[in-house]
Amino acid sequence: MITLLNFIDSIGGPVVAILILFSIAATTLILLKLAATLVQLPARNSTPKRLLAHLQMGELKQLRLLAQRQRNPHSQLIGDAVELLQEQTLSKNDTQSEVIRKARDVAHAYSNYLRPLEVIATLAPLLGLFGTVLGMIEAFKAMELAGAQVDPAVLSGGIWQALLTTAVGLGVAIPVSLIHSLFERRAEHQVHNLQDDIGQVFTYFARHTASETATTSVSQRSAS
């Protein structure tokens, strides 16, 4: 226990120890986010863009085949939306509600691990400042107790240790904040593309249905 306390004191005190734990947690979250992103990368022939190309060409069977067993949630959702609209097992409103529900789940998954990173980026500099204030209090308390016998080396050492916490806090917060912003921007871009692609699927089936209705109407008029 004494060894642990000595170690914590040697690295700048408990605030620095907490900031080190923050940095370890942030690194872990960043690696998990990167791993999840790599695992969910779609195959070259099953990217959302390729699936929509098959949709526009009317190759729905090929689209559904390629979208099956895809780890990429975007590609999966396109395949699921096409299947629901093509099979017509649900009403139009129920189908739209189901696709929107799945789209929300996918959009929510894009934000995984971002909230904890944001919290770390926000708290790290505040903890660093808090540690500096505590350190300055201890330094000036020691100066008061020493009275006229103030040792400048002791005072400067206490101030140095106090300022160290602010430096560590900023050192943790700056990269975490930058990486969080990149992840957040990417998530926003993914959500926008998801909404646009699902809109294209609904538009395709709406046009297809309207075309079939018009053809049937013309055929009935011709027959009469």
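Everything below is about the structure shown above.
No experiment lies behind these values; they were computed from the predicted model shown.

**Q** Explain the overall build of the protein to me, and be specific about the residues and the numbers.
**A** Each helix and strand counted, the protein has eight helices and zero strands in total. Its helices and strands in sequence order give the protein the pattern α-α-α-α-α-α-α-α, from N to C terminus. Here the contacts in the protein between residues at least 6 apart in sequence split such that 77% fall between residues at least 24 apart. Carbon and sulfur atoms make up 62% of the accessible area of the protein, which totals about 14,400 Å².

**Q** Help me get a handle on the packing of aromatic side chains, residues and values and all.
**A** Evaluated as defined, the whole model comprises one aromatic pair. The interplanar angle of 90 degrees and the centroid separation of 5.4 Å between the aromatic rings of Y204 and F205 together place this pair among those described as edge-to-face. Across this residue pair, the class does not change: Y204 and F205 are buried.

**Q** Describe the nonpolar core, and please don't skip the residues or the numbers.
**A** Within the largest apolar cluster, 37 residues are counted, with the highest numbers of intra-cluster contacts made by L55, V82, L117, V176, L194, V201 and F205. When residues of this core are traced back to their parent elements, those giving at least two are α2 (14-39), α3 (48-56), α4 (60-67), α5 (73-87), α6 (92-110), α7 (114-146) and α8 (152-223). Sequence-distant contacts of V201, defined by excluding residues within four places in its chain, comprise L52, L55, I78, A81, V82 and L85.

**Q** Quick one: what's the story with the pattern of salt bridges, residue by residue and with numbers?
**A** Under the defined criterion, the tally for this structure stands at seven salt bridges. Put simply, E98 and R101 hold a salt bridge, and the shortest N to O gap is 2.7 Å. In this pair, E98 and R101 are both assigned in helix α6, three residues apart and thus about one turn of the helix distant. Using a relative accessible area of 41% as the deciding quantity, one classes R101 as partly exposed. In this structure, R101 engages D105 in a salt bridge whose closest nitrogen and oxygen atoms are separated by 3.4 Å.

**Q** A description of a nonpolar patch on the surface should follow, citing residues and the corresponding values.
**A** Residues L129, F130, V133, L134 and I137 make up a contiguous nonpolar surface patch of roughly 440 Å² in combined accessible area. For F130, the position within the fold is in helix α7. Note on F130: relative accessible area 46%, which makes it partly exposed.

**Q** Would you mind going over the packing of α3 against α4 in detail, with residue names and values included?
**A** Where α3 meets α4, the axes come as close as 8 Å, and the angle between the chain directions of the two elements is 160 degrees. By the angle between their directions, the pair α3 and α4 is classed as roughly antiparallel. For the pair α3 and α4, the sense of crossing is left-handed. Side by side, α3 and α4 meet where L51, H54 and L55 of the first sit next to L60, Q62, L63, L66 and A67 of the second. Class assignment of the residues belonging to the contact of α3 with α4 gives a composition of six nonpolar, two polar and no charged.

**Q** Give a description of empty space enclosed by the protein that names residues and reports values.
**A** Where empty space is left in the structure can be found by rolling a water-sized probe over the atoms. Counted under the stated rule, the structure contains one cavity of 30 Å³ or more. Within the residue set of the lining of the largest cavity, elements represented by two or more residues are α2 and α8. Ranked by the residues each element gives to the lining of the largest cavity, the list is headed by α8, at four residues. Split by residue class, the lining of the largest cavity holds three nonpolar, two polar and two charged.

**Q** So what's going on with the environment of D197? Which residues, and what values?
**A** Note that D197 resides in helix α8. D197 sits 146 residues away from L51 along the chain, and the two C-alpha atoms are 9.8 Å apart. Once you skip the residues sitting within four places of it in the chain, D197 turns out to touch P48, L52, H74 and I78. Side chain to side chain, D197 and H74 meet in a polar contact 2.7 Å long.

Conventions adopted
Residues numbered from 1 in each chain as written. Predicted model: local features only at pLDDT ≥ 70, side-chain atom pairs only at ≥ 80, totals over all residues. Heavy atoms only, no water. Helix = DSSP H or I, 4+ residues; strand = E, 2+ residues; numbered from the N terminus. Contact = heavy atoms within 4.5 Å. Areas by Shrake-Rupley, 256 points an atom, 1.4 Å probe, with all protein chains shown as cover. Phe/Tyr/Trp six-rings, centres within 6.5 Å; stacked < 30°, edge-to-face > 60°. Buried < 20%, exposed > 50% of the residue type's maximum accessible area, 1.4 Å probe, protein only. Core = buried A, V, L, I, M, F, W, Y, C linked by side-chain atoms within 4.5 Å. Salt bridge = Lys/Arg side-chain N within 4 Å of Asp/Glu carboxyl O. Patch = residues over 30% accessible without salt bridge, like charges linked within 9 Å, V, L, I, M, F, W, Y side chains within 5 Å. Axes fitted to C-alpha atoms, helices over the stretch in contact; angles between N-to-C directions. Parallel < 35°, antiparallel > 145°, perpendicular 65-115°, else oblique. Left-handed = near helix turned anticlockwise from the far one by under 90°. Nonpolar A, V, L, I, M, F, W, Y, C, P; charged D, E, K, R; others polar. 1 Å grid on protein atoms, 1.4 Å probe; cavity = no way out; pocket = protein on both sides within 12 Å on 5 of 7 lines; lining within 4 Å. Points joined across faces, edges and corners; volume = space filled by probe spheres on them. Polar contact = N/O pair within 3.5 Å; in protein donor to acceptor, adjacent residues only side chain to side chain.

Take it as geometry only, folks, not as evidence of what the structure does.
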